[in-house]
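# Structure assessment
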Amino acid sequence: MSVKNITVTGMTCNHCAMSVREEIEELAGVTDVQVDVASGRVQITSDADLDDAAVTAAVVEAGYQLA
C-alpha cells in the first residue's frame, strides 16, 4: 500500500473536490482519495506507487494545478 499527499490549487467548493477525486480514482491501483478543499490537500491511497505524471495529468484533466 502506498499513500501520496499532494496539494491542488484553485479548488473552492465540494464540486471542485468531487471533480479532482473522480479523475484520480480512475488511475489504476487507486483505492481511496480524500480531498480537503480548504487546504487543497489531497491524500491518495493506492495498491502500489503511482506515477507522478499520471497524477498530475488527472488533476489537470479535472481543471486544476498542483501547487
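A brief structural summary. (Residues numbered from 1 in each chain as written. Predicted model: local features only at pLDDT ≥ 70, side-chain atom pairs only at ≥ 80, totals over all residues. Heavy atoms only, no water.)

## Some details on the nonpolar core
Ranked by size, the top nonpolar core spans 20 residues in total, and within it M11, I24 and V42 carry the most contacts. Elements with a minimum of two residues in this core: β1 (2-9), α1 (14-25), β2 (30-36), β3 (41-46) and α2 (52-61). It is α1 that provides the largest number of residues to this core, a total of four residues. Not counting residues up to four positions away in its chain, the partners in contact with I24 are I6, V30, V33, V42, I44, A58 and V59. (Core = buried A, V, L, I, M, F, W, Y, C linked by side-chain atoms within 4.5 Å. Buried < 20%, exposed > 50% of the residue type's maximum accessible area, 1.4 Å probe, protein only. Helix = DSSP H or I, 4+ residues; strand = E, 2+ residues; numbered from the N terminus. Contact = heavy atoms within 4.5 Å.)

## Thoughts on the sheet that holds strand β4 (residues 65-66)
Read from one edge of the open sheet, four strands run β2-β3-β1-β4, paired in antiparallel fashion. In this open sheet, the two strands that pair with only one neighbour each are β2 and β4. This element, α1, spans β1, β2 and β3 of the sheet and lies at about 160° to β2. Taken strand by strand, α2 contacts β1, β3 and β4, and its axis lies near 40° from that of β1. (Pairing = 2+ DSSP bridges. Axes fitted to C-alpha atoms, helices over the stretch in contact; angles between N-to-C directions.)

Interpretation in functional terms is not warranted from these geometric data alone.
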